[in-house]
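Chain residues, written in single-letter form:
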Amino acid sequence: MLEKIGSITSTWDSVGFGGFVIDALGPDQAHSIEYFGDVGGSFRLASLSKMFSTYAWLVALEEGLASSSTRFEGLDFTIGDLLSHRSGLRFDSGGVVSDEIVDSVLSQGRASIAFERPLASRRIYSNIGFELLARILTYLSGFGFQDYVHEAVLAPLSLSNTSISSSVFPSAGRSGAAAGFVSSVVDLSLFAYEVMNPTLVSLRSRDFASSASQPGLGGILPGYGYFDDNSWGYGFEVKGEKSPHWSGSLTSTSTYGHFGASGTFLWCDPSLSLCVGLLTDRPFDSFAKVQWPALSKAIIQSLR
């Protein structure tokens with residue numbers, strides 16, 4: 001398999017990268033993991049951060065701090081609406097997610113300029129929504145968002161090379177929930193294995209996050225355009241029938257994961273018992289749209 005990966009990545013001369021492949025996952029199955037590229041380096045996760053933030057929320061939901069149907073302080077959208085990008089909130093406001101725009105949502109509700117569409121009328125990928133989720137989690141738990149994530153996810157999984165800071169992508173919000181994580185290939189692989197074989201949350205919670213919410217809701221997948229069914233779970237993107245898709249053509253419709261603007265992705269395909277992660281230092285562009293599917297295809301073909 002490493003030879004197949006090498007045939008693709010050998011052309012990436014200007015790209016710093018590292019990744020992993022976890023094969024044959026399952027509670028009663030042996031598994032193997034292979035790494036490639038820069039395994040120990042630190043990479044900005046960008047929006048791949050949302051998977052970590054989501055996992056912290058899954059812990060919070062199991063702790064009883066809220067439910068997916070909780071409406072915070074009388075607002076008309078729920079925790080689930082925010083996680084699944086169907087609240088109607090914009091991506092950001094004027095290119096940034098400021099404290100002021102988040103405050104306006106909490107104080108003005110639908111009167112805030114942060115809203116673009118009515119509730120559950122379109123899937124709008126929203127950094128504002130994840131900054132709100134960080135605020136709400138802080139309020140409900142009594143912990144700062146970053147502290148909660150550390151205690152609920154990073155420390156139990158021994159992710160010692162993963163950190164959160166608003167300075168990583170300051171335009172995405174103060175908490176770092178939307179895009180503020182920095183991690184290594186090894187740490188990401190540990191997180192991926194947890195997602196496929198959950199120990200911090202129940203299998204039911206993982207399935208909740210990785211199954212399509214409100215099927216048939218249209219919207220734009222960043223970088224790829226509009227889809228009549230822009231499938232999304234609660235925090236995790238679901239491939240569904242989207243084509244083209246960044247995970248390639250050989251992954252199943254049940255594939256879930258996320259990608260980030262810093263050239264990062266993580267996808268897990270339960271039908272293939274396979275999970276693949278990639279961290280790079282090249283911002284998402286046409287390179288990623290060509291090379292990511294090619295890499296995924298090569299990996300899958302090498303394992304068949």
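See the structure above.
Please read these numbers as outputs of a predicted model, since none were measured by experiment.

Quick notes on the rules
- Residues numbered from 1 in each chain as written.
- Predicted model: local features only at pLDDT ≥ 70, side-chain atom pairs only at ≥ 80, totals over all residues.
- Heavy atoms only, no water.
- Helix = DSSP H or I, 4+ residues; strand = E, 2+ residues; numbered from the N terminus.
- Expected span 1.5 Å × (residues − 1).
- Buried < 20%, exposed > 50% of the residue type's maximum accessible area, 1.4 Å probe, protein only.
- Pairing = 2+ DSSP bridges.
- Phe/Tyr/Trp six-rings, centres within 6.5 Å; stacked < 30°, edge-to-face > 60°.
- Salt bridge = Lys/Arg side-chain N within 4 Å of Asp/Glu carboxyl O.

Asker: Before we go on, may I ask you to explain helix 2 (residues 49-62) in this structure?
Answerer: Residue pairs spaced three or four apart in an α-helix point in one direction, given the helix's 3.6 residues per turn. Taking 1.5 Å per residue as the helical rise, helix 2 with its 14 residues ought to reach 20 Å, and the 20 Å between its terminal C-alpha atoms agrees with that figure. By the criterion of burial, helix 2 is predominantly enclosed, with 13 of the 14 residues buried. Two residues or fewer after helix 2 comes glycine 64, characterised by a positive phi angle close to 85 degrees.

Asker: What is the right way to look at the sheet that holds strand 9 (residues 256-260) in this model?
Answerer: Think of a sheet as strands paired side by side through backbone hydrogen bonds, with each pair either parallel or antiparallel. Spatially, the six strands line up as an open sheet ordered 2-1-11-10-9-8, and their pairing is antiparallel. On the outer flanks of this sheet lie strand 2 (32-37) and strand 8 (237-238), each paired with one strand and no other. Both strand 8 and strand 9 contribute to a ladder of two bridges, which runs antiparallel. Its bridge partner being in strand 9, glutamate 237 is matched across the sheet by glycine 257.

Asker: Just to check I follow, could you spell out the packing of aromatic side chains for this structure?
Answerer: The relation between two aromatic rings is expressed through the spacing of the ring centres and the mutual angle of the planes. Following the criterion strictly, the structure yields 22 aromatic pairs and no others. Measuring from centroid to centroid gives 5.9 Å for phenylalanine 236 and tyrosine 256, while their planes differ by 10 degrees, and the two rings are stacked. Taken together, the positions of phenylalanine 236 in the loop between strand 7 (225-227) and strand 8 and tyrosine 256 in strand 9 put the pair 20 residues apart, joining distant regions of the chain. Residues phenylalanine 236 and tyrosine 256 agree in their burial class; the two are buried. Ring centres 6.5 Å apart and planes at 75 degrees place the aromatic pair tryptophan 246 and tryptophan 292 in the edge-to-face group. Of this pair, tryptophan 246 sits in the loop between strand 8 and strand 9 while tryptophan 292 sits in helix 9 (residues 286-303), and the two are 46 residues apart along the sequence. A relative accessible area of 1% means that tryptophan 246 is categorised as buried. Take tryptophan 292: its relative accessible area is 1%, and that puts it in the buried class.

Asker: Quick question: what am I supposed to make of the pattern of salt bridges here?
Answerer: Tallied over the full model, the rule gives eight salt bridges. Aspartate 103 is the partner of arginine 135 in a salt bridge, and the nearest nitrogen-oxygen pair spans 2.9 Å. Residue arginine 135 is located in helix 5 (residues 127-141), and its partner aspartate 103 is located in helix 4 (residues 99-108); the two are separated by 32 residues in the primary sequence. Using a relative accessible area of 36% as the deciding quantity, one classes aspartate 103 as partly exposed. For lysine 242, the salt bridge identified is with glutamate 237, shortest N-O distance 3.1 Å. Given a relative accessible area of 2%, lysine 242 falls into the buried group. In the salt-bridge network here, residues are joined through shared partners; they are Asp99, Asp103, Arg135 and Arg174.

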